[in-house]
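These are the residues of each chain, in order.
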Amino acid sequence: MIISKKKDFRHLMDNIGRYNNFFLIGCSECASLCGTGGEPEIKELTEALKAQGKSVSGGFVAKTGCQVLGTKVELKKFKNEVDSADCILIMSCGAGTQAAVELYEDKAVYPTNDSLFLGNMTRFQMFDERCSLCGECIIDMTGGICPVTTCPKGLLNGPCGGCNDGNCEVSPDIKCAWVKIYERMKRLDRLQELCETTIEAKDWSKAQKPRNHYAKEEKKK
Amino acid sequence: MSFRDILNSGKFVVTAEVGPQKGTDIKEMHHHMELLKGKLDAVNVTDNQSAVMRICSLAVCKIAMEHGLEPILQMTCRDRNRIALQSDLLGASVLGIKNVLCMTGDHVTAGDHKSAKPVYDIESVQLLKAVDGLNNGRDMSGNEMKGPTDFLQGAVVTPEANPIEPQLIKFGKKVKAGAKFFQTQAIYDIDKFKEFMRHARKFPVKVLAGFVVLKSAGMANFLNNNVPGIRVPQSLIDELKAAGKEKALETGMDITARHIRQLKEEKICDGVHIMAIGMEDKVPVIMGKAGLL
Ligand code: SF4
Ligand code: SF4
């Protein structure tokens, strides 16, 4: 899921200080799980804005905030509230914010969160980055552990000289990705393969921004 | 004789390193190069070592050549993408630089520009392959070039890495990718190094053992606690302690010289690489003590 984090409230107020009446949109998917865009957070922000002398015309938790058409349909019943607001606050990720920007061309739309990464939830509201969406997955060759993401240098052919008693040179809190890969390949009895495969330089054209993907058309092909 | 020829001749090879500095006043560097001239088989020029911004390796290699030293261009993948790396390699080639040491490079978090974007478009194994390609007249995209390079490409290895197995796997990949020589991380335990060499000897490559002179017991403890892949045995720390503050550096140099002698006499490896780290003037002293002059 997409991991998001609330912006510092004072910083948010600096951004939106010039507006007076807000409509808030959360998201029931990632942002709810991150504690940044569910019902409780909408309530909390509503109160905080009121305490600053602002008004809030309404708010709701979108089913999937980055789904443009679905969100558009859901927003129909909030037409009056949205019309009366002079600013829409999006309490999900950067994609959710830009869905609203697409829907409200003439209205101010501001994010309340910083979007961080694609993450795994390991415990309640604890997230780790394991995949950075590089566009061409290579973890079939590395025992299912991603060195592109979990090695700070993204090394593809083994550990650097900085590996320290199994930990990463960048932080003693991270285990060296290549030690993990080695251990897993050993458990799977695939060490021979690890020794023999040199992974080629990544094709970063596969990650050229902005990306799009039309699954429907691909299916037709 | 070129570094390549000396390596292949079977002579016990000696290299040392010059660390470019931050800033343009290079009087001291000239002085160090004059001191090293005629004594070494080649001199490594480090590439923004420890991710600290300094004069580029390429320029200092050129200056080393003007002093009559044969440079080994150190190249890390931290600061340049594949276009810049290959372009610098072609530049090095036309300037007459013949040797390149391919490394991954310390992460920017280790250095003095911590907010820089680390590149790592490719890494050491892939850089070795790229050099091999350039030597054969093709760039990384397979384009034919007007004139190939003729580099002797080397790499680094950490014989005391913990765990050692992944490091050895990478060593094998580097050999396969075209590495002709290796310079190791600093070693202090010759018996352990012999173990590593038993493995390395299975490959058709030359190995130069790395040395960093211990200036004091405190430095030895610091290395043990802070530098990955370096293990100074307690016996050496005790030796430095016993020598007392005044004699510690002298003792550190004696230890290095003693180890170098042993490697050479027992033909354990093909040569040594002395990393002076700011004490370039001591390199000839160590060489003298080791009987290399
Ligand atoms: S290689 Fe890593 S970053 Fe790329 S798609 Fe696979 S898991 Fe994600
Ligand atoms: S120590 Fe391991 S995880 Fe950290 S940068 Fe080096 S190879 Fe990558």
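Not measured: the values here are computed from a predicted model.

Rules used throughout
Residues numbered from 1 in each chain as written. Chains lettered and ligands numbered in written order. Predicted model: local features only at pLDDT ≥ 70, side-chain atom pairs only at ≥ 80, totals over all residues. Helix = DSSP H or I, 4+ residues; strand = E, 2+ residues; numbered from the N terminus. Rg over C-alpha atoms; globule rule 2.2 N^0.38 Å. Buried ≥ 20, exposed ≤ 12 C-beta atoms within 10 Å, placed from the backbone. Near = placed C-beta within 6 Å. Nonpolar A, V, L, I, M, F, W, Y, C, P; charged D, E, K, R; others polar. Domains from an automatic or database assignment. Pairing = 2+ DSSP bridges. Axes fitted to C-alpha atoms, helices over the stretch in contact; angles between N-to-C directions. Parallel < 35°, antiparallel > 145°, perpendicular 65-115°, else oblique. Contact = placed C-beta atoms within 7 Å.

### Thoughts on the overall build of chain B
Here is step 1: On a plain count of helices and strands, chain B comes out with 10 helices and eight strands.
Here is step 2: Here the C-alpha atoms of chain B give a radius of gyration of 18 Å, agreeing with the 19 Å that 2.2 N^0.38 yields for 293 residues.
Here is step 3: Taking the principal axes of its C-alpha atoms as reference, chain B extends roughly 60 × 45 × 45 Å.
Here is step 4: Considering chain B as a whole, with its 293 residues, one finds that 48% of them fall into the buried category.

### Description of the site of ligand 1
Here is step 1: In the neighbourhood of ligand 1, the contacting residues comprise Cys131, Ser132, Leu133, Cys134, Cys137, Ile138, Ile139, Cys146, Val148 and Thr149 of chain A.
Here is step 2: A breakdown of the residues in the shell around ligand 1 according to their chemical character gives eight nonpolar, two polar and no charged.

### Things to note about the domain arrangement of chain A
Here is step 1: Here chain A is partitioned into domain 1 (2–117) and domain 2 (130–207).
Here is step 2: Spacing between the C-alpha centres of domain 1 of chain A and domain 2 of chain A amounts to 38 Å.

### Observations concerning the site of ligand 2
Here is step 1: The environment of ligand 2 is made up of 14 residues, and the closest members are Cys151, Pro159, Cys160, Cys168 and Cys176 of chain A.
Here is step 2: Across the shell around ligand 2, the residue classes tally to 11 nonpolar, one polar and two charged.

### Quick notes on the sheet that holds strand β7 (residues 126–129) of chain A
All names here are of chain A.
Here is step 1: Pairing is antiparallel across the open sheet formed by three strands, whose spatial order is β1-β6-β7. Both outer strands of the open sheet, β1 (2–6) and β7, are each paired with one neighbouring strand and no more. Averaged over all neighbouring strand pairs, the angle between strand axes comes to 70 degrees, with direction disregarded.

### Topic: the packing of helix α8 (residues 217–226) of chain B against helix α9 (residues 234–265) of chain B
All names here are of chain B.
Here is step 1: The N-to-C vectors of α8 and α9 enclose an angle of 155 degrees; their axes lie 8 Å apart at closest approach. Between α8 and α9, the crossing angle belongs to the class labelled roughly antiparallel. Mapping the contact onto sequence places Ala217, Ala220 and Asn221 in α8 and Leu236, Ile237, Leu240 and Lys241 in α9.
Here is step 2: Residues belonging to the contact of α8 with α9 are distributed by class as follows: five nonpolar, one polar and one charged.

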